[in-house]
Amino acid sequence: QQQQQQQQQQHQHPTTEDNKYENRNQSKDDTEGKKKSTTTTTSTSSSSSPRWVELKTSAVIQNDRQKTSFQKYKLLKFWIQSFLVGVRYIVCGFRKDHMLHTLHTFHTLKIPSMVRQKGYWSGNVCLNWASRVLSFIRTHAKPGRKYRLTFVAPWDAIRFYEVVTR
């Protein structure tokens, strides 16, 4: 019982007593086709700016290989998505047999230093790469036309081309 209370305290994110909740649900596919993402905005009466919490799910991590994969790939996606829109916290529910097993709250700004220590990825490198891609698109895209951007395996190149619609 004491362990459950500690876990609950560990996984709480800061809010105030007078909160209004507004939920926006989005289904998203990942390679497994099972991931669902929900963003919850919490509006507090004591602050004029909203607080955002990103809710994510992932399979329970059962070994070092899965932990490495989670930190290299999923945390990167979680971080960039939340960082770019100013989300402070990411609450990840780890599931086992389609049931919630545990919760963990990540502070968005602390994720890059957590994985950088292991040499997995760097937040600055990711942002610089995104900046170069967006600059390329701004330079080459023509107004009123549709384009597709895809990654070329093994993720070391991108393909950018116009989509012709009829």
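Refer to the structure printed above.
Residues numbered from 1 in each chain as written. Predicted model: local features only at pLDDT ≥ 70, side-chain atom pairs only at ≥ 80, totals over all residues. Heavy atoms only, no water.

**Q** Would you mind showing me how to read the pairing of strand β3 (residues 51–59) here?
**A** Regular strands show a simple pattern: their side chains alternate between the two faces of the sheet. Relative to strand β4 (residues 89–96), β3 is paired through seven bridges, and the arrangement is parallel. Looking at β4, one finds that T57 is bridged to G93. Since β3 and β4 lie parallel, the crossover through helix α2 (residues 64–84) that links them has a hand, and here it is right-handed. (Pairing = 2+ DSSP bridges. Helix = DSSP H or I, 4+ residues; strand = E, 2+ residues; numbered from the N terminus. Right-handed = clockwise from strand over helix to strand, strands pointing away.)

**Q** What is the right way to look at unusual backbone geometry in this model?
**A** Among all residues except glycine, the phi angle is most often negative; among peptide bonds, the trans geometry is most common. Even without a glycine there, the phi angle at D97 is positive, about 55°. Summarising the element assignment, D97 is placed in the loop between β4 and β5 (99–107). Residue D97 is classed as exposed on the basis of its relative accessible area, which comes to 66%. Of note in the backbone geometry, H98 takes a positive phi value of approximately 65° without being a glycine. The residue H98 is located in the loop between β4 and β5 in this model. (Buried < 20%, exposed > 50% of the residue type's maximum accessible area, 1.4 Å probe, protein only.)

By themselves these figures say nothing about function.
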